[in-house]
Amino acid sequence: MGYLSKTTEIEFRVRYGETDQMGVVYHGNYAQYFEMGRTGWLREMGFSYRAMEESGVLLPVIKLSINYKKSARYDDLIKVKTTLVKLPSATIEFVYEIVNEKDEILTTGNSVLVFIDADRNRPTKCPKYILDKLQN
């Protein structure tokens, strides 16, 4: 089975500074929530952005899609569920679901990131150590 069907979850409270005057989470913050979920997924699998960057591999976002269903509000306890879509190649894709304490879906989305060789500033294949771990 490997890690392809593995979903990780992070949970946190919405901070005041993430909301507008109505106490609703500003729409741009959802990209940061997805990033928190993605880095949490990678960390739980034993990978880190920092280690990848230190080894000369960068991972910028090249596509981001967000679907807003309901508003998250100040002090809500929200959960970001993150799942890897398929085995990475030169890109890696995640899907996200953000839910509130009642398990109501607030937001869904996906992101595609590309592996970049920092020395050449060109796309490269997913590092072998990542593929090896995901296939086990």
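Counting restarts for each chain: residues are numbered from 1 in the order of the written sequence. In keeping with the predicted nature of the model, local features appear solely for residues at pLDDT of at least 70, side-chain atom pairs appear and are counted solely at 80 or more, and the whole-chain, interface and lining totals rest on all residues. To get the side-chain values, take all heavy atoms of the structure and skip hydrogens and water.

I'd like a rundown of the overall build of the protein chain, residues and numbers included.
Numbered from the N terminus, helices here are DSSP runs of H or I no shorter than four residues, and strands are runs of E no shorter than two. Each helix and strand counted, the protein chain has 3 helices and 8 strands in total. Of the regular secondary structure in the protein chain, the N- to C-terminal order runs β-α-α-β-β-β-β-β-β-β-α. With the C-alpha coordinates of the protein chain rotated into their principal frame, the extents come out at 45 × 35 × 20 Å. Note on classification: 1.4 Å probe, protein chains only; a residue is buried when its accessible area is under 20% of the maximum for its type, exposed when over 50%, partly exposed between these limits. For the protein chain, the residues scored as buried account for 42% of the 136 residues in total. The contact criterion used is simple: two residues touch if any of their non-hydrogen atoms lie within 4.5 Å. Taking the contacts inside the protein chain whose residues are at least 6 apart along the sequence as the reference set, 67% of them involve residues at least 24 apart. To measure how exposed things are, a 1.4 Å probe is used in the Shrake-Rupley method; for residues, cover is taken only from the protein chains shown. When the accessible surface of the protein chain is split by element, carbon and sulfur atoms take 48% of a total near 7,900 Å². Averaging the coordinates of the 19 positive side-chain charges in the protein chain and doing the same for the 18 negative ones gives two points 5 Å apart. Counted charges follow a simple rule, with Lys and Arg positive, Asp and Glu negative, and His plus the chain ends left uncounted. Charge coordinates come from a single atom per side chain, which is NZ of Lys, CZ of Arg, CG of Asp or CD of Glu.

Got a sec to walk through the side chain of Ser 111? Specific residues and values, please.
Structurally, Ser 111 is set in strand E6 (residues 105-114). Polar contact is the term for a pair of N or O atoms within 3.5 Å; when the atoms are in protein, one must be able to donate a hydrogen and the other to accept it, and sequence-neighboring residues count only if both atoms are side-chain atoms. Of note is the side chain of Ser 111, whose polar atom sits 3.5 Å from the side chain of Arg 38.

How would you explain the environment of Lys 6 if you had to name every residue and give the values?
Summarising the element assignment, Lys 6 is placed in the segment before strand E1 (7-13). Sequence separation of Lys 6 and Val 25 is 19 residues, and the distance between their C-alpha atoms is 28 Å. Dropping the residues within four chain positions of it, Lys 6 is found in contact with Trp 41, Glu 44, Met 45, Thr 82, Thr 83 and Leu 84. Within the local environment of Lys 6, its side chain forms a polar contact with the side chain of Glu 44, the two groups lying 3.4 Å apart.

So what's going on with the packing of aromatic side chains? Residues and values would help.
Working definition: a ring pair exists when centres of Phe, Tyr or Trp rings (six-membered ring for Trp) sit within 6.5 Å. Plane angles under 30 degrees give stacked, over 60 give edge-to-face, the rest tilted. Summed over the entire model, instances satisfying the criterion amount to 7 aromatic pairs. When the ring of Tyr 16 is compared with that of Tyr 74, the centres are 5.5 Å apart and the planes differ by 90 degrees; the resulting orientation is edge-to-face. Here Tyr 16, found in the loop between E1 and helix H1 (29-44), pairs with Tyr 74, found in the loop between strand E3 (61-68) and strand E4 (77-84); they are 58 residues apart in sequence, far enough to count as distant. Taken together, a centroid distance of 4.3 Å and an interplanar angle of 5 degrees make the contact between Phe 34 and Tyr 96 stacked.

So, the pattern of salt bridges: which residues are in play, and what are the values?
The rule for a salt bridge is simple: a side-chain nitrogen of Lys or Arg has to be within 4 Å of a carboxyl oxygen of Asp or Glu. Taken as a whole and judged by the stated rule, the model has 8 salt bridges. For Glu 18, the salt bridge goes to Arg 15, with nearest N and O atoms at 2.6 Å. Using a relative accessible area of 6% as the deciding quantity, one classes Glu 18 as buried. The exposure class of Arg 15 is exposed, given its relative accessible area of 53%. Of the charged contacts, one joins Lys 81 and Glu 97 as a salt bridge, the two residues approaching to 3.7 Å between their closest N and O atoms. Of the two residues, Lys 81 sits in strand E4 while Glu 97 sits in strand E5 (residues 91-99), which places them 16 residues apart along the sequence. Residues joined in a network through salt bridges with shared partners are Lys 81, Glu 97 and Asp 103.

Any link to function would need more than the numbers given here.
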